[in-house]
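Structural description and commentary
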Amino acid sequence: MTKFGLGSVAAAAVVALTACSGGVDATSPESASGPKGLLKSGEFSVCMTPQYKPMEFYKDGNTGTQPIGFDSDAAVALAESWGVKARFSDVAFDGLMPALQAGRCDAVWSGLYVNEARQQVADAVPYLKTGSVIIAPKDSNIKSAEDLAGKTVAVLAGGAYEANLKELSAALKNKGLPDLIQQSYPQNTQTSAAVTNGKADALIDTDVSVGEIVEKTGGNLQPVPGIFEADAVFGIYVKKGSVLTDEIRNGLKTLGDEGKLAEIAKNYSLDASRLTESTK
């Protein structure tokens, strides 16, 4: 959990995208059936929202290709370790968990926090520690949580950050300060655009996105440290009680022991030391 909480899930649609590994040929379904519990023998199907660099995204924005990023590459590595093929479905963020429940994929692997609400309906396998962060213009006077009183903060709709902001707003009210104003957007890229265009005073995102946001804005946006604790964790979700839960957990542990997950993390400028203990 972050200092101010985590949170939420909704519903939407699925667009299937089948591909081999980015730069690596996945094993054909005929060579092995893979672990028990897969929806389709020889195939590990993953639902994700490829709009979250460096976790999952399309290279050069080409939606006709397979997603890349830490989550995508790790999913391919896990599938290969099982001797099966990885297949990705591009799903709207608020439709990820409904897609899993509807049996449209074996797992949701898309930079989702492990939280109580999601664990009530699905099993979670943690793999990477993370935390929320406020990002504001470099010349902003926002230096602390109190400085957000009365300010407009852009946030991804349907995600845990909305709950973060609600709790932060409540904390401000308890101190007799004005509420912050929450401004929700359907895509991460729109939250940074809202700040650079002057529609919002700041945005909230995860610490893994800071480097990308700073780079894309030429350093005009910078993180504000100390508002949220970096004590959340990303998790892979599978149907509750699925035999795949242990298969994924054991597979990640093997990839961690072999150093493959650390290698993938470094490829995307992520701190490999933040991989969870179960993946080392």
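Here the residue index of a chain counts from 1 through its sequence in written order. Local features in a predicted model are, by the rule used here, given only for residues with pLDDT of at least 70; side-chain atom pairs are given and counted only at 80 or more, and totals for whole chains, interfaces and linings are based on all residues. Hydrogens are left out, water is left out, and the side-chain values use all remaining heavy atoms of the structure.

1. Some words on the sheet that holds strand E11 (residues 202–206)
Strand order across the open sheet formed by five strands is E10-E9-E11-E8-E12, with mixed pairing between neighbours. A single partner strand is all that each edge strand has here, and the edge strands are strand E10 (181–185) and strand E12 (221–224). For this sheet the average axis-to-axis angle between neighbouring strands, irrespective of direction, equals 35 degrees. Taken together, the five bridges between strand E9 (residues 152–156) and E10 define a ladder with parallel strand orientation. Each bridged residue has a counterpart across the sheet, and for Val-153 the counterpart in E10 is Gln-182. In this description, strands pair whenever DSSP reports at least two bridges between them. A run of H or I in DSSP counts as a helix once it spans at least four residues, and a run of E counts as a strand once it spans at least two, with each numbered from the N terminus. Think of each axis as a best-fit line through the C-alpha atoms, taken over the contacting stretch in the case of a helix, with angles from 0 to 180 degrees between the N-to-C directions.

2. Overview of the packing of helix H1 (residues 70–82) against helix H8 (residues 260–267)
Orientation of H1 relative to H8, taken along the N-to-C sense of each, is 155 degrees, at an axis distance of 9 Å. Accordingly, the angle class assigned to the pair H1 and H8 is roughly antiparallel. When you trace H1 past H8, the crossing you get is right-handed. Contacts from Phe-70, Asp-73, Ala-74 and Ala-77 of H1 reach H8 at Leu-261, Ile-264 and Ala-265. Partitioned by chemical class, the residues of the contact of H1 with H8 number six nonpolar, no polar and one charged. Angles are sorted into four bins: roughly parallel if under 35 degrees, roughly antiparallel if over 145, roughly perpendicular if 65 to 115, and oblique for all others. For any helix crossing, the convention is left-handed if the near helix is rotated counterclockwise from the far helix by under a right angle, and right-handed if that rotation is clockwise. Contacts are residue-level and defined by heavy atoms, with any inter-residue pair within 4.5 Å sufficient. Just so you know the grouping, Ala, Val, Leu, Ile, Met, Phe, Trp, Tyr, Cys and Pro go in nonpolar, Asp, Glu, Lys and Arg go in charged, and all remaining residues, Gly too, go in polar.

3. Details of the layout of surface pockets
By volume, the largest pocket is sized at about 440 Å³. Lining the largest pocket are 19 residues; nearest its centre among them are Gln-51, Lys-53, Thr-189, Glu-212 and Lys-216. Across the lining of the largest pocket, the residue classes tally to five nonpolar, eight polar and six charged. With a 1 Å grid laid over protein atoms only, a set of points is called a cavity when a 1.4 Å probe fits there but cannot get out and a pocket when it is open yet has protein on both sides within 12 Å along at least five of seven lines; lining residues have an atom within 4 Å of a point. Grid points are joined across faces, edges and corners, and a volume is the space filled by probe spheres set on the points.

4. Let's talk about the packing of aromatic side chains
We call Phe, Tyr and Trp rings a pair once their centres come within 6.5 Å, taking the six-membered ring for Trp, and we label the pair stacked below 30 degrees between planes, edge-to-face above 60, and tilted otherwise. Applying the stated criterion to the full structure yields eight aromatic pairs. Residues Phe-57 and Tyr-268 carry aromatic rings whose centres are separated by 6.2 Å and whose planes lie at 85 degrees to one another, so their mutual orientation is edge-to-face. In this pair, Phe-57 is assigned in strand E4 (residues 56–57) and Tyr-268 in the segment after H8, connecting sequence segments 211 residues apart. Across the pair, exposure class does not vary: Phe-57 and Tyr-268 are buried alike. Under the scheme applied here, a residue whose accessible area is under 20% of the maximum for its type counts as buried, over 50% as exposed, and between as partly exposed, the area being computed with a 1.4 Å probe on protein chains only.

5. Section: H8
Of the positions making up H8, those classed as buried are Leu-261, Ile-264 and Ala-265. Down the axis of H8, the sector holding all buried residues measures 100 degrees, keeping them to one side. Relative to its buried face, H8 has exposed residues pointing more than 90 degrees away, namely Glu-263, Lys-266 and Asn-267. Those residues of H8 that are buried are in contact with H1 and helix H7 (244–257). Just past H8, the residue Ser-269 takes up positive phi, approximately 60 degrees. Directions from the helix axis toward the C-beta atoms define the arc.

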